[in-house]
Amino acid sequence: MPPKREEHLKQVEAAVQAVRPLLANHQYQGETGTVIVAGIIDQMIEHHEAILILIRQEKIGSAFAMARLVVEGVYRGLWINKGATEEQVKRFEKEDKIAFDKLIWP
C-alpha cells in the first residue's frame, strides 16, 4: 500500500476513534429514539473499523459494500432524530423498519 494512502487511513482511523469517547461519556436513558441513535452510531463506528481493515487487506469491493451500511445508519439515525413520530420510533424499535406511512420531515 502506498505510504500516502496508509497515512490517510491512519487519519480516518483517528477520526473514527475520536467519536467513541464522546459516545461513551453520556448516559442514554429515557427517550427511546436517543438510545436507538446512540446504538446506530456505535454500530457505524464498528463498520468504519471493518472498512479500514478490509482496505488494508486490499478487499476494496467488500469495503465498498460495507460503506452502504454506514450510509444506511446515517439515514436511519437522521430519520429517528428528525423525521419520525414517537409512535414510529416505537415501531422501529420492535420491527427494525422505517415506517413511511406518516413520515414527518422538516
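Residues numbered from 1 in each chain as written. Predicted model: local features only at pLDDT ≥ 70, side-chain atom pairs only at ≥ 80, totals over all residues. Heavy atoms only, no water.

1. Remarks on the overall build of the protein
Line of reasoning, step 1. Looking only at helices and strands, one finds four helices and zero strands in the protein.
Line of reasoning, step 2. Counted from the first residue to the last, the protein has its helices and strands arranged as α-α-α-α.
Line of reasoning, step 3. Within the protein, the proportion of its 106 residues that are buried is 27%.
Line of reasoning, step 4. Within the protein, counting contacts between residues at least 6 apart in sequence, those at least 24 apart form 46% of the total.
Line of reasoning, step 5. Accessible area of the protein: about 7,500 Å², with a carbon and sulfur share of 58%.
Line of reasoning, step 6. The centroid of the 14 positive side-chain charges in the protein is displaced by 4 Å from the centroid of its 15 negative side-chain charges. (Helix = DSSP H or I, 4+ residues; strand = E, 2+ residues; numbered from the N terminus. Buried < 20%, exposed > 50% of the residue type's maximum accessible area, 1.4 Å probe, protein only. Contact = heavy atoms within 4.5 Å. Areas by Shrake-Rupley, 256 points an atom, 1.4 Å probe, with all protein chains shown as cover. Lys, Arg positive; Asp, Glu negative; His and termini not counted. Charge placed at Lys NZ, Arg CZ, Asp CG, Glu CD.)

2. As for the nonpolar core
Line of reasoning, step 1. Ranked by internal contacts, the top residues of the largest apolar core, which has 14 residues, are I36, I40, I51, W79, I80, V89 and F92.
Line of reasoning, step 2. Going through the elements one at a time, α2 (32-56), α3 (60-83) and α4 (86-95) are the ones with two or more residues in this core. (Core = buried A, V, L, I, M, F, W, Y, C linked by side-chain atoms within 4.5 Å.)

3. Quick look at the pattern of salt bridges
Line of reasoning, step 1. Counted by the stated rule, this structure contains six salt bridges.
Line of reasoning, step 2. When the shortest N-O distance is used, the salt bridge between D96 and R76 registers 2.5 Å. Taken together, the positions of D96 in the segment after α4 and R76 in helix α3 put the pair 20 residues apart, joining distant regions of the chain.
Line of reasoning, step 3. R76 gets classed as buried once you look at its relative accessible area, which sits at 18%. (Salt bridge = Lys/Arg side-chain N within 4 Å of Asp/Glu carboxyl O.)

4. Details of the packing of α2 against α3
Line of reasoning, step 1. Where α2 meets α3, the closest approach of the two axes is 9 Å, and the angle between their N-to-C directions is 165°. The angle between α2 and α3 places the two elements in the roughly antiparallel class. The way α2 lies across α3 gives a crossing that is left-handed.
Line of reasoning, step 2. Class assignment for the residues of the contact of α2 with α3 results in 16 nonpolar, seven polar and one charged. (Axes fitted to C-alpha atoms, helices over the stretch in contact; angles between N-to-C directions. Parallel < 35°, antiparallel > 145°, perpendicular 65-115°, else oblique. Left-handed = near helix turned anticlockwise from the far one by under 90°. Nonpolar A, V, L, I, M, F, W, Y, C, P; charged D, E, K, R; others polar.)

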